[in-house]
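Below are the chains, spelled out letter by letter.
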Amino acid sequence: MTNTSRQTLYLELIDRLLQCPNGQEPAILDESVDLIDGGFVQALMQASAYFAHNDNLEAAKFLVFLAKELSCQLGLYTAPQDG
């Protein structure tokens with residue numbers, strides 16, 4: 001699979017996540033587990049920046065939240081410990 005086609009799949013997955021009913025996100029992610037990687041996290045952040053610049057702050061916040069959660073699960077980011 002080329003990088004461009006994977007990028008397209010990332011964007012399609014992001015669109016599905018933004019369009020789905022609230023609470024269905026985990027099921028959609030489970031269906032696309034082969035796309036959940038560092039590249040997807042990066043695509044989430046790029047899409048978040050796009051939405052933030054185009055006055056869709058709710059979508060931007062959701063995508064940042066999702067990117068943070070997935071990056072923690074993938075071991076790409078470790079949340080700071082309280083204390």
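What counts and how
Residues numbered from 1 in each chain as written. Predicted model: local features only at pLDDT ≥ 70, side-chain atom pairs only at ≥ 80, totals over all residues. Heavy atoms only, no water. Helix = DSSP H or I, 4+ residues; strand = E, 2+ residues; numbered from the N terminus. Rg over C-alpha atoms; globule rule 2.2 N^0.38 Å. Buried < 20%, exposed > 50% of the residue type's maximum accessible area, 1.4 Å probe, protein only. Contact = heavy atoms within 4.5 Å. Areas by Shrake-Rupley, 256 points an atom, 1.4 Å probe, with all protein chains shown as cover. Lys, Arg positive; Asp, Glu negative; His and termini not counted. Charge placed at Lys NZ, Arg CZ, Asp CG, Glu CD. Salt bridge = Lys/Arg side-chain N within 4 Å of Asp/Glu carboxyl O. Phe/Tyr/Trp six-rings, centres within 6.5 Å; stacked < 30°, edge-to-face > 60°.

## Comments concerning the overall build of the protein
- Counting secondary structure elements, the protein contains four helices and zero strands.
- For the protein, the sequential pattern of α-helices and β-strands runs α-α-α-α.
- Radius of gyration (C-alpha) of the protein: 13 Å, near the 12 Å computed for a compact globule of 83 residues.
- Projected onto the principal axes, the alpha-carbon positions of the protein cover approximately 45 × 30 × 25 Å.
- Put simply, the protein has 83 residues, and 31% of those count as buried.
- Nonlocal contacts in the protein, meaning residues at least 24 apart in sequence, comprise 55% of its contacts between residues at least 6 apart.
- Working note: accessible area of the protein is about 5600 Å², and carbon and sulfur atoms make up 53% of it.
- Positive and negative charge centroids in the protein, built from 4 and 11 side chains respectively, lie 3 Å apart.

## Observations concerning the pattern of salt bridges
- Tallied over the entire structure, the rule returns two salt bridges.
- In this structure, the salt-bridge partner of Arg6 is Asp37, at a minimum N-O distance of 2.8 Å. With Arg6 in helix H1 (residues 3-19) and Asp37 in the loop between helix H2 (25-31) and helix H3 (38-53), the pair connects residues that are 31 residues apart, well separated along the chain.
- Glu31 is paired through a salt bridge with Arg16; the nearest N and O atoms lie 2.7 Å apart. Linking Glu31 in helix H2 with Arg16 in helix H1, this pair joins segments that are 15 residues apart in sequence.
- Under the relative-accessibility criterion, Glu31 is labelled exposed at 58%.
- Given a relative accessible area of 37%, Arg16 falls into the partly exposed group.

## Points about the environment of Ala47
- Of note, Ala47 is situated in helix H3.
- Here Ala47 falls in the buried class, since its relative accessible area comes to 11%.
- The residues touching Ala47, leaving out its near neighbours within four places in the chain, are Ile14 and Leu63.

## With respect to the packing of aromatic side chains
- Summed over all chains, the structure comprises two aromatic pairs.
- With 5.8 Å between their ring centres and 50° between their planes, Tyr10 and Phe40 make a pair best called tilted. You can see Tyr10 sitting in helix H1 and its partner Phe40 sitting in helix H3, a full 30 residues away along the chain. The exposure classification of Tyr10 matches that of Phe40, with both residues buried.

Keep in mind that these numbers describe shape and distance, not what the molecule does.
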